[in-house]
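Coordinate inspection notes
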Amino acid sequence: MYTSKHKISARLYLTLLIWMSVQAASAPDRSQHKRLHQEHSLFRPMPSEPNLWNLGGTARFDDGVLNLVPMRTRVAGVAWNGIPVDYCNWELNIWFSVKTKYRSGDGWALFYTEEPITEVELDPYKNAMGGPNDYRGIALIFDSHNNYFRDGNFPRLYPVLLNGDYKYSHYHNGWYQRPYSCPYQCVNGQCKIRFEYWNRNLHMTAMNWRGDELCHRGSSNVVLPAGGYFSFTAFNNYQRESVDILEFKVEEILDGSECFDRDGEKPKWDHDTY
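Reading guide: rules and limits
Residues numbered from 1 in each chain as written. Predicted model: local features only at pLDDT ≥ 70, side-chain atom pairs only at ≥ 80, totals over all residues. Heavy atoms only, no water. Helix = DSSP H or I, 4+ residues; strand = E, 2+ residues; numbered from the N terminus. Buried < 20%, exposed > 50% of the residue type's maximum accessible area, 1.4 Å probe, protein only. Contact = heavy atoms within 4.5 Å. Areas by Shrake-Rupley, 256 points an atom, 1.4 Å probe, with all protein chains shown as cover. Disulfide = S-S within 2.5 Å. Pairing = 2+ DSSP bridges. Salt bridge = Lys/Arg side-chain N within 4 Å of Asp/Glu carboxyl O. Phe/Tyr/Trp six-rings, centres within 6.5 Å; stacked < 30°, edge-to-face > 60°.

The name that an unreviewed UniProt entry assigns to the protein is L-type lectin-like domain-containing protein, with the source organism given as Calicophoron daubneyi.

Pasting the structure below:
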């Protein structure tokens, strides 16, 4: 028997459905609210001479791309952008190519730090993929080689955040300083990664060449330096690989998320990861 109680339940259910549909329609889509920052990005064909990006070590613009290291041993390269990031929330899309011979090289890194990485460090016990081991900010480590028989497939991608209290451990390539890691795949040597910092949330996504998501990891309550700088480094010690940055797309996220005042705060994150 259909009672008034059932009528009330049906009305509540219908009201809930309408409310949910309105919320879904009004929810912000961050993909539609972004601003490209050309001053921080790199697109092909890249300039033959440094412009907004500065180069050091073996890094050079070659054949329309940024080559960080050639396929030689005992080399390191660095490229840094001298314009500070004056926006709080951003998304990075990185297309890169890694070519190797025999065994893979050590790897390379993308930094977002208080000061730009302007010099290479060749001492394997004092560097972070060719950069300094005492940076303040975050390094996205692209670890090419399983040096110490760690679990998992390689190459792998993982973030390492430093705030001046300790240094990057090259002995394990920062492996035990990471909150999580992602394996990534390259097709014909080309790979794609998305890295997002939004409202103190950090997201890292490895994709295939079609843009399909292969691995996603994230952390909340992450504090990164205000007005930081982007830099790339790469390092070959006794292994050989050539690392090319094919495209580096930097976009500001404009969905009205709160812009936290991070001045004076040390870089940090809690370990609420997912």
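Having seen the model, we can carry on.
**Quick notes on the overall build of the protein**
When you go through the protein residue by residue, the secondary structure sums to 1 helix and 19 strands. A burial count over the protein gives 50% of its 274 residues as buried. Taking as baseline every contact in the protein between residues at least 6 positions apart, the subset at least 24 positions apart corresponds to 70%. Carbon and sulfur atoms make up 49% of the accessible area of the protein, which totals about 13600 Å².

**Digging into the state of the cysteines**
Here the structure, examined in full by the defined rule, presents 1 disulfide. The disulfide bridge from Cys-182 ends at Cys-215, spanning 1.9 Å between sulfur atoms. Since a negative S-S torsion denotes a left-handed disulfide, the Cys-182-Cys-215 link at about -80 degrees is left-handed. Remark: Cys-215 occurs in strand S15 (residues 213-219) and Cys-182 occurs in strand S12 (residues 182-183); sequence separation between them is 33 residues.

**A closer look at the pairing of strand S4 (residues 65-69)**
The buried count for S4 comes to 5 of 5 residues, which makes it a mostly enclosed element. In textbook terms, the turn of a hairpin is the stretch between consecutive antiparallel strands, and for strand S3 (residues 60-62) and S4 this stretch comprises 2 residues, one of which, Asp-63, has a positive phi near 55 degrees. Direction of pairing for S4 relative to strand S18 (residues 241-253): antiparallel, over a ladder of 3 bridges. Directly across from Leu-66, in S18, lies its bridge partner Ile-245.

**Overview of the pattern of salt bridges**
Two side chains carrying opposite charge are able to pair once their charged atoms lie near each other. Here the structure, examined in full by the defined rule, presents 6 salt bridges. Here Glu-252 and Arg-35 are joined by a salt bridge, their closest N and O atoms 3.0 Å apart. Note that Glu-252 is positioned in strand S18 and Arg-35 in strand S1 (residues 34-36), a separation of 217 residues in sequence. Put simply, Asp-62 and Arg-60 hold a salt bridge, and the shortest N to O gap is 3.7 Å.

**With respect to the sheet that holds strand S17 (residues 229-236)**
Taking strand neighbours across the sheet as the criterion, the 7 strands line up as S2-S5-S17-S7-S10-S11-S12 in an open arrangement whose pairing is antiparallel. Lying at the two open borders of the sheet, with one neighbouring strand each, are strand S2 (53-57) and S12. Relative to S17, strand S5 (residues 75-81) is paired through 6 bridges, and the arrangement is antiparallel. Bridge pairing in S17 links Gly-77 to Ala-234.

**A look at the environment of Lys-249**
You can see Lys-249 is positioned in strand S18. The class for Lys-249 is partly exposed, based on a relative accessible area of 26%. Considered as a pair, Lys-249 and Phe-43 are 206 residues apart in the sequence and their alpha carbons are 7.5 Å apart. Setting aside residues no more than four positions away along its own chain, Lys-249 makes contact with Leu-36, Ser-41, Phe-43, Glu-91, Leu-92, Asn-93 and Trp-95.

**Topic: the packing of aromatic side chains**
Ring pairs (aromatic) are described by centroid distance and by the angle formed between their planes. Using the criterion set out here, one finds 14 aromatic pairs in the structure. Centroid distance Phe-111 to Tyr-135: 5.1 Å. Interplanar angle 80 degrees. Geometry classified as edge-to-face. Taken as a pair, Phe-111 in strand S7 (residues 107-113) and Tyr-135 in the loop between strand S9 (131-132) and strand S10 (137-143) lie far apart in primary sequence, 24 residues in all. Taking relative accessible area as the criterion, Tyr-135 reaches 3% and is therefore assigned buried. Joined through ring pairs, the aromatic side chains of Trp-53, Trp-90, Phe-96, Trp-108, Tyr-112, Phe-142, Phe-195, Tyr-197, Phe-230, Phe-232 and Phe-248 make up one cluster.

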